[in-house]
Amino acid sequence: GIMRMALAQALHHARHRSVFQKRLVEQPLMRTVLADMALEIEAATALVMRLSRSFDLAASDPLEAARARLLTSAMKYWVCKTAPALIYEAMECVGGNGYVEESILPRLYREAPVNAIWEGSGNVMCLDVLRALAREPEATSAVLDALGSEASDLPGAGDTAGVIRQAFSNQEPEAGARIAVSGIALLAAAAALRESAPAVADLFTRTRLREPHEPMLGTSRVASDEARLVLDRALPGG
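Residues numbered from 1 in each chain as written. Predicted model: local features only at pLDDT ≥ 70, side-chain atom pairs only at ≥ 80, totals over all residues. Heavy atoms only, no water.

This part is about the overall build of the protein chain. Within the protein chain one finds 12 helices and 2 strands. Listed N to C, the secondary structure of the protein chain is α-β-β-α-α-α-α-α-α-α-α-α-α-α in terms of helices and strands. Taken along its principal axes, the extent of the C-alpha atoms in the protein chain is 60 × 35 × 35 Å. Expressed as a percentage of its 238 residues, the buried residues of the protein chain come to 48%. Here the protein chain carries 25 positive and 29 negative side-chain charges, and the mean point of each set is 4 Å from the other. (Helix = DSSP H or I, 4+ residues; strand = E, 2+ residues; numbered from the N terminus. Buried < 20%, exposed > 50% of the residue type's maximum accessible area, 1.4 Å probe, protein only. Lys, Arg positive; Asp, Glu negative; His and termini not counted. Charge placed at Lys NZ, Arg CZ, Asp CG, Glu CD.)

With 33 residues, helix H3 (residues 62-94) should reach 48 Å at 1.5 Å per residue; the first-to-last C-alpha distance of 46 Å fits that figure. A maximum bend of about 30° is found in H3 at Leu 71. Its side-chain oxygen placed 3.0 Å from the backbone nitrogen of Leu 63, Asp 61 serves as the N-cap of H3. Residue Gly 95 follows H3 closely and has a positive phi angle near 90°. (Expected span 1.5 Å × (residues − 1). Bend = angle between axes of the 7 residues up to and from the residue. Polar contact = N/O pair within 3.5 Å; in protein donor to acceptor, adjacent residues only side chain to side chain.)

This brings us to the environment of Pro 62. Mapping Pro 62 onto the fold places it in helix H3. Separated by 41 residues in the primary sequence, Pro 62 and Ser 103 place their C-alpha atoms 46 Å from one another.

A few words now on the nonpolar core. Within the largest apolar cluster, 77 residues are counted, with the highest numbers of intra-cluster contacts made by Leu 34, Met 37, Trp 78, Ile 184 and Phe 204. No other element matches H3, which puts 15 residues into this core. The residues touching Leu 34, leaving out its near neighbours within four places in the chain, are Leu 7, Ala 10, Leu 11, Ala 14, Val 25, Cys 93 and Leu 231. (Core = buried A, V, L, I, M, F, W, Y, C linked by side-chain atoms within 4.5 Å. Contact = heavy atoms within 4.5 Å.)

Attention now moves to the pattern of salt bridges. Where charged atoms from two side chains of opposite charge approach closely, those side chains can pair. On inspection of all chains with the given rule, the structure shows 15 salt bridges. For Glu 42, the salt bridge identified is with Arg 233, shortest N-O distance 2.5 Å. Of this pair, Glu 42 sits in helix H2 (residues 28-57) while Arg 233 is found in helix H12 (residues 224-234), placing the two residues 191 residues apart along the sequence. A relative accessible area of 15% means that Glu 42 is categorised as buried. A salt bridge links Glu 150 to Arg 67; the shortest N-O distance between them is 2.9 Å. Of this pair, Glu 150 sits in helix H8 (residues 137-150) while Arg 67 sits in helix H3; the two residues are 83 residues apart in sequence, bridging distant segments of the chain. Among the residues examined, Glu 150 registers a relative accessible area of 31% and is labelled partly exposed. You can call Arg 67 buried: its relative accessible area is 4%. (Salt bridge = Lys/Arg side-chain N within 4 Å of Asp/Glu carboxyl O.)

This part takes up the packing of H2 against H3. Running from N to C, H2 and H3 point in directions that differ by 155°, and their axes come no closer than 9 Å. Classified by the angle between their axes, H2 and H3 sit roughly antiparallel to one another. For the pair H2 and H3, the sense of crossing is left-handed. Its residues assigned to classes, the contact of H2 with H3 shows 20 nonpolar, 3 polar and 5 charged. (Axes fitted to C-alpha atoms, helices over the stretch in contact; angles between N-to-C directions. Parallel < 35°, antiparallel > 145°, perpendicular 65-115°, else oblique. Left-handed = near helix turned anticlockwise from the far one by under 90°. Nonpolar A, V, L, I, M, F, W, Y, C, P; charged D, E, K, R; others polar.)

Moving on to the packing of aromatic side chains. Under the definition given, this model contains 1 aromatic pair. Both rings, one in Trp 78 and one in Phe 204, keep their centres 6.3 Å apart while their planes meet at 65°; by these two values the pair is edge-to-face. Here Phe 204 lies in helix H11 (residues 198-210) and Trp 78 lies in helix H3, a separation of 126 residues in the sequence. Accessibility assignment for this pair places Trp 78 and Phe 204 in one class, buried. (Phe/Tyr/Trp six-rings, centres within 6.5 Å; stacked < 30°, edge-to-face > 60°.)

The subject of this paragraph is unusual backbone geometry. Although it is not a glycine, Phe 20 sits at a positive phi angle of roughly 55°. Among the structural elements, Phe 20 can be located in the loop between strand E1 (18-19) and strand E2 (22-23). Although it is not a glycine, Gln 21 sits at a positive phi angle of roughly 65°.

Its 14 residues give helix H7 (residues 122-135) an end-to-end C-alpha distance of 20 Å, which sits within 8% of 20 Å, the value for a rise of 1.5 Å per residue. Every buried residue belonging to H7 is among Gly 122, Met 125, Cys 126, Val 129, Leu 130 and Ala 132, and all of these are buried. Down the axis of H7, the buried set is contained in an arc of 155°. They therefore lie on one face. H7 presents Ala 134 and Arg 135 as exposed residues on the side facing more than 90 degrees away from its buried surface. Lining the buried residues of H7 we find H3, helix H6 (114-119), H8, helix H9 (157-169) and helix H10 (177-196). (Arc of directions from axis to C-beta.)

Written out as structure tokens, the structure is:
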């Protein structure tokens with residue numbers, strides 16, 4: 001919710017502010033940053049909706065119940081790590097007006113870390129995933145197999161599934177838990193997008209799973225038509 005609000009502020013500003021005879025949203029650097037932000041948010045939204053379905057079906061479907069247990073912690077880890085950086089980028093897109101208290105963005109930025117602080121730090125979320133793996137190894141393995149199958153035709157999905165399993169099979173899985181849990185969240189988001197938005201799913205996995213992905217927003221290789229696609233989906237009517 002707060003990430004989507006922050007993107008809306010940044011995208012609205014970029015569509016109306018002109019620099020060097022072009023609107024900000026048409027400047028290649030800004031367009032890539034905004035598109036990266038929009039990709040993160042659409043993927044997170046798709047994953048939340050798919051996870052909600054798992055909770056609805058958990059009582060009658062053991063695989064969905066296992067999926068709900070595993071992906072809740074993985075999703076919380078990913079979203080909580082993404083939110084502060086994304087909202088900061090939104091502030092930077094708006095500039096000085098996005099920093100001062102008259103803007104909504106400073107309040108969103110202050111609120112961004114609270115979920116990880118109150119609901120469990122990143123390390124705790126990773127330990128929760130490891131606990132699910134230890135308590136229900138067969139069910140957890142079935143969920144990972146299902147995610148790999150659902151995303152199998154997307155760029156980099158197979159390699160990501162391999163990285164997850166390798167991290168969990170190490171003698172000290174806790175040391176590599178963040179790598180594995182990040183991979184689970186990205187793979188699950190890719191699978192959710194594959195169902196709800198195939199065109200976006202391909203772009204998301206290409207920029208997050210197949211190509212080397214810097215943790216900083218705005219570093220993905222996104223073509224101008226791809227950027228317009230995700231930005232129009234993020235905030236129509238620009």
